[in-house]
Amino acid sequence: MEFPETGRLIEIQSYKHDGTLHRIWEETLILQGTSKEVIGGNDRILVHESDGRAWRTREPAICYFHREKWFNVIGMVRADGIHYYCNLGTPFVWDEEALKYIDYDLDIKVYPDMTYQLLDEDEYERHKEEMNYPKKINLQISKSVEELQSWIYQRKGPFNPQFVEQWYERFLFFR
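These notes cover the structure that comes with them. Source: prediction; values computed, not measured. (Residues numbered from 1 in each chain as written. Predicted model: local features only at pLDDT ≥ 70, side-chain atom pairs only at ≥ 80, totals over all residues. Heavy atoms only, no water.)

Details of the pairing of strand β3 (residues 37–43)
Operational definition: Relative accessible area decides the class of each residue, using a 1.4 Å probe on protein chains only: under 20% of the type maximum gives buried, over 50% gives exposed, and in between gives partly exposed. Runs of E in the DSSP output that reach at least two residues are strands. Runs of H or I that reach at least four are helices, and both are numbered from the N terminus. A pair of strands counts as paired when DSSP detects no fewer than two bridges linking them.
Among the 7 residues in β3, 6 count as buried, and that is most of the element. Pairing analysis gives 4 bridges linking strand β2 (residues 21–33) to β3, with the strands arranged antiparallel. Bridge pairing links Q32 to I39 in β3.

Here you go:
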C-alpha cells in the first residue's frame, strides 16, 4: 500500500538532505490516506530531535501531506484560533515503517488572521552550502514557497476555514 490506512497510528520522520534523521513525531492518527494526500491528527505527542532532546506538542494538530507538493502543513488548534506551521520539504513517502520526507529548513508560520512569516532563511542558506543542495532543489523550494503563499492567500486546501475544524472533529471521534 502506498499510503497509511485510516485509523492507523503512525510515526512521522523528517530527514535532512544528507540523509540524517532530523525529527520523529510519535503517534499520529491517520484520518484519511489516499494515493495523493495523507491527513492525520495528534495531540500532545512526543517529538524526538536528532540531538537527543525530546518534547511534547502543546495542542491538538491536524497534519496535511501531499504526494506532489514540496511542503506539508500542520494546523494547531489553539484557544485564539488555528495557527499553522508549514515545512518546506519533499513530498511524503510511506514505507510501512513511517511517513517520511526531507526537510529543507524553510518554514512558514501562519497566524489565525492569515498573516504569515517566512522562517529559518539563515538555516536554509547555511545548509544549502554545507550539503550542496542541487540547483533544481533550490528552484523547487523557491517555487514551493510561492505556491504555499498562494494557498494561504486563497485559503486553499488546509487553509480553508473549515478544513482543520472538520478534521479535528473527526480526530475527536476516533479518540
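Structure shown, so let's carry the discussion forward.
Things to note about the side chain of T57
This is how the line gets drawn: As used in this structure description, the phrase polar contact means that two N or O atoms lie within 3.5 Å; if the pair is within protein, one of them must be able to donate a hydrogen and the other to accept it, and residues adjacent in sequence are counted only when both atoms belong to side chains. By the convention used here, residues are in contact when the closest approach between their heavy atoms is within 4.5 Å.
With respect to the helices and strands, T57 occurs in the loop between β5 (54–56) and β6 (60–66). A polar side-chain atom of T57 sits 3.1 Å from the main-chain amide nitrogen of R44. One polar contact links the side chain of T57 to the main-chain amide nitrogen of I45, over a distance of 2.9 Å. Ignoring sequence-local partners within four residues, the contact set of T57 consists of N42, D43, R44, I45 and V47.

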